[in-house]
Amino acid sequence: MSGSPINNVCEVLRDIYQRTQKDYRLFTYNTQTDVKRTLKTLSERNDNLQASGGTSFACIFTAIKDYLLQNASAKKPVTFIFMTDGQDNEPNGPALQKSIQMLKLMLSGMTNSPPITFHVIGFGEVNDTFLNQIRTFGTRQGLFRYSTESRELQNNFNDMFEYALNVRQFTIKFPNGKTYTANNIDNETVGFLTNDGDDLSAMTELTLIDDKSTTTQFLLLPMKDIRAIHLLHALNLIQPENEEQVKLIQTYLNDIQITNSKNFAERLETEQIYKEIDQRMMEYRQLFTQLKMTQVPERVKLQLSALRHDPIFANTQRKKKLDLRVYKNVDYFKRTDISGILQGYKDSITPDTWQKIKEQKQDWVDTYSNEDIYEIMRKSTDNILCLGIFVQRDEEVISNPAKGLKLLKVTNTIISYDSFINGMNLAKNNQQAQGQFTTLNDLYSIAGALADEQVNAVIPLYINDEHMKRIRILEGIWLGYLYTLDSYGYDKQQEVALLKLLYEIIQQRTNTQRQKQVLVELERVCRFIIDESQGFKTAEQFGEKTYEKLLKRLPIVNTQEYDLSIPLTIGYLRNDLTSVLVPIYYEYLRQEYLKKYPKNSATVKTIVANLVYGCNAKDLPTTFSTNSSNILINNNLPDFIEKTFIDYFHDELCQPIQLTPEKTIKLNRTRIIREEIELDYIKSLLLPLPDFIRTMLNHCQIDEDYIEKHLDYDTLRYELLITFYYLIYSDTNSGGLLNLPKKENILSVIDGRLQSEKELVIAHDYSNSVHLVPLVSHVALNCKTLEGFAGVMRKYCPDRRGPIFSEVFIQLLESYDESEGDTVGRATKKEKFMALLKNQISTTTPTKVIYKDMDQCHSLPSLDEQLRSLRRFIDEKNVEQIGLQNQGRLVVYCRRTLMEDRQCRRKRNYRYFLNPFYEDC
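Residues numbered from 1 in each chain as written. Predicted model: local features only at pLDDT ≥ 70, side-chain atom pairs only at ≥ 80, totals over all residues. Heavy atoms only, no water.

## Quick word on empty space enclosed by the protein
Under the counting rule described, the total for this entry stands at 4 cavities of 30 Å³ or more. By volume, the largest cavity amounts to about 70 Å³. Lining the largest cavity are Ile258, Glu271, Tyr274, Lys275, Ile421, Asn425, Lys428, Tyr444, Tyr481 and Leu485. Counting residues per element, the ones that place at least two in the lining of the largest cavity are helix 9 (264–291) and helix 17 (417–433). Among the residues forming the lining of the largest cavity, the class breakdown is 6 nonpolar, 1 polar and 3 charged. Each of domain 3 (228–296) and domain 4 (316–543) accounts for three or more of the residues forming the lining of the largest cavity. (1 Å grid on protein atoms, 1.4 Å probe; cavity = no way out; pocket = protein on both sides within 12 Å on 5 of 7 lines; lining within 4 Å. Points joined across faces, edges and corners; volume = space filled by probe spheres on them. Helix = DSSP H or I, 4+ residues; strand = E, 2+ residues; numbered from the N terminus. Nonpolar A, V, L, I, M, F, W, Y, C, P; charged D, E, K, R; others polar. Domains from an automatic or database assignment.)

Quick look at the structure:
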């Protein structure tokens, strides 16, 4: 299990220790067992477990037996989470059989002791029968999980641990002597199934005994008010044995109306359990179909075994998800009684208000139930009236809702939320009845009001203030379902994405009176959100703060591109569209040019020069000089020297201490700043008005040349300089963008930087390289910070080759995996070496590159073995020169002298490709 799987396991184990601070034992094994490790020792070490070699289950079973014998007097429950990624070297060998017999023999004598449980996690090529046998070793049967991907393995380990930590065992006894056992993590509800032939009609009580031997008597009465939650809890306990039983469960599931719930919290849980059972039954059908094959793959058997335990983990995951939702929305879910608030709103409506709502009956009627707005609000506290739309979702909707959901069509269908949910569940079940999975991007839908209309999403309509109160309280629910088909799926970014959806509705609008009326109600809902919702105001990306930055023309730095229809819609809803049109156009230019031009390109530098000096400026002749300023002297302290290289790394105008003599070309001031605007050139950089702006202008009946008429060309030149010089040519990081020059001095600031680039170092004088190469290498290798190290390497090894680079690279390679003693507060040699390979370091501002002409490696897999091999090669071949490049993968260039004949020294070149690793002569 080398590589990612074992690394993921180690990550989970460290996280468990950090959360629990309990030092659980950790047994590792291949052909031998190490029982000395604990979660604490793993957490405190930087290296991960090594997973290699063969597999001997005999050694681990013997170690478990010995551990149980040594701790038998403790009288405490013991749980093992047993994980393997392979089969035994000798699955039928005598050693394995003997170890199993000895372990079972010992466990058979511990039936009166606290329970001993074996939970099992299989990964990859394992044997279903054998792992299920391990699951039953203990005095209490364990659970089974199976993974084929390392990401699943991580989740399974977390789920198994959470279950093992919280599980309780209950014994249920009836007066007739019948006994049942239930394992449960829910302290409020204990569920179990009786046998088919058991007659409970005459039973009037039962006895419940928990794992602490506490006995409780319960009266046994038939339930009268059976709600959807009760039916689903019972259905969740059933494990189908064949495809016919799956179909029966699905049929029963389809008859359950999940909107029939006691309160809104119960409705959320009901919806979630319904979805879990629905998806699980589809997986059962697929697996049972594959079991009909002549030769059943072992993987299918493993997946079926794991699926039988899935309801238990689904309960755990659902509670975890709900807990997370409560944690993220404490006031909304934990401290607030949603059902109580909704009931309070309804009770507070005065007769006069009810009369006004009644007057709206004719305009707002549910297409499906034929109930009007008055009847809907009278009959329930949590039902709302919505507009039906047809959308397409993809997986990106989870992390980027504005991009992951696309409006396909606006309908004329007015539908209540309850009718929509029930209709969608029926549509989904009909699709699954044909053996099809339903996923986030499925387009299953319900019929709309007109013959050709389809509906698979809804947006609430304002209609009246009392109706809007419901919409606001239920906002997280309907937004979560709109974007993720899950009422638990709410995120603040969905409030921002709703504005883009409104824009798309405007884009598809028709001029019928009815659609105008509906659009007004949608706009009122969105206007309420941007004015009142804390979710919108605090959204990390593209919420209120980003909108304010746009108006102030501050650079917007995000991992996702800002969809400019969002601020356009905000300006429209706030009746302030004309104030945002020009800033949005400037941002549109910035986005388009960032996509069009590569970083640091000569073309972009020419555009910047034309904006500063004009298109006809010419260079004058150059002069040569030797720069002897800022030379290293004996009394320069190491920390002072490093400080100058740190400053140089962040700003190359800050000249560091010179470690070697430098021969430079100095250009006289060759160009004069052109203060007046070259109007024709600036206009040539404008782009045509984009469609999203044109659409909104037409909707608001504003002239399409409004932006052109209101452009300030001084401001436009400033905008273009920020874009082309700072964002594209200089690739300024987010920290540097906080200190951009003002409009009045940007020309002089950029002029100073462009003129300074004329003073170019063309060579370092290595005539005395016997002293200079070791000197510069010593400074680089002994820098305390990565920023200082990066500054030295950028200054003296700009091409990532040459004597200094070779010396530093080889020394770091030779010692990167050696212990350096106390390195607190200073960069290690391994960190420096990884910085070179990745071409990036972390600073107090975001990550920065060392070399601007080389791509970054944002993450590297473990290269230890490859680097050790490279190190051996360099030693064996007496490599003299090293070069480094990233060509989609890291390449190390090696050169060595083959022989020296009478006329020349012949060289031999090698290329080493890191990940994958091979040599190429």
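## Remarks on the packing of aromatic side chains
One pass over the full model with this rule turns up 30 aromatic pairs. Summarising the aromatic geometry, the rings of Phe118 and Phe137 are spaced 5.9 Å apart at their centres and angled 85° between planes, so their arrangement reads as edge-to-face. Taken together, the positions of Phe118 in strand 4 (residues 116–123) and Phe137 in the loop between helix 5 (128–135) and strand 5 (144–147) put the pair 19 residues apart, joining distant regions of the chain. Each member of the pair, Phe118 as well as Phe137, carries the same accessibility label: buried. Following the ring pairs from residue to residue traces out a cluster consisting of Phe27, Tyr29, Phe57, Phe61, Tyr67, Phe80, Phe82, Phe118, Phe130 and Phe137. (Phe/Tyr/Trp six-rings, centres within 6.5 Å; stacked < 30°, edge-to-face > 60°. Buried < 20%, exposed > 50% of the residue type's maximum accessible area, 1.4 Å probe, protein only.)

## A look at unusual backbone geometry
Phi is positive for Asn575, which is not a glycine, with a value near 55°. Turning to its location among the elements, Asn575 is positioned in the loop between helix 24 (565–573) and helix 25 (577–596). Located in the positive-phi region is Asn878, a residue other than glycine, with phi close to 55°. Topologically, Asn878 is positioned in the loop between helix 37 (864–877) and strand 18 (881–886).

## Here we look at the sheet that holds strand 9 (residues 215–219)
Spatial ordering of the open sheet is given by 7-6-8-9, a layout of 4 strands whose pairing is antiparallel. Only two strands of the sheet have a single neighbouring strand rather than two, namely strand 7 (179–184) and strand 9. Recorded for the sheet is a direction-independent mean angle of 25° between the axes of neighbouring strands. (Pairing = 2+ DSSP bridges. Axes fitted to C-alpha atoms, helices over the stretch in contact; angles between N-to-C directions.)

## Concerning the side chain of Thr381
Turning to its location among the elements, Thr381 is positioned in the loop between helix 15 (373–379) and strand 10 (385–393). Ignoring anything within four residues of it in the chain, the contact list for Thr381 reads Leu342, Gln343, Lys346 and Arg470. (Contact = heavy atoms within 4.5 Å.)

## Observations concerning the pattern of salt bridges
With the rule as written, the count across this model stands at 24 salt bridges. In this structure, Lys361 and Asp372 form a salt bridge, with 3.7 Å as the shortest nitrogen-oxygen distance. Of this pair, Lys361 sits in the loop between helix 14 (351–358) and helix 15 while Asp372 sits in the loop between helix 14 and helix 15, and the two are 11 residues apart along the sequence. Residue classification places Lys361 among the partly exposed residues on the basis of a relative accessible area of 24%. Residue Arg590 pairs with Glu719 through a salt bridge whose shortest N-O separation is 2.8 Å. Of this pair, Arg590 sits in helix 25 while Glu719 sits in helix 31 (residues 713–729), and the two are 129 residues apart along the sequence. Take Arg590: its relative accessible area is 3%, and that puts it in the buried class. Relative accessible area serves as the criterion here: at 4%, Glu719 is assigned to the buried category. A single salt-bridge network, built from bridges that share partners, covers Arg553, Glu587, Arg590 and Glu719. (Salt bridge = Lys/Arg side-chain N within 4 Å of Asp/Glu carboxyl O.)

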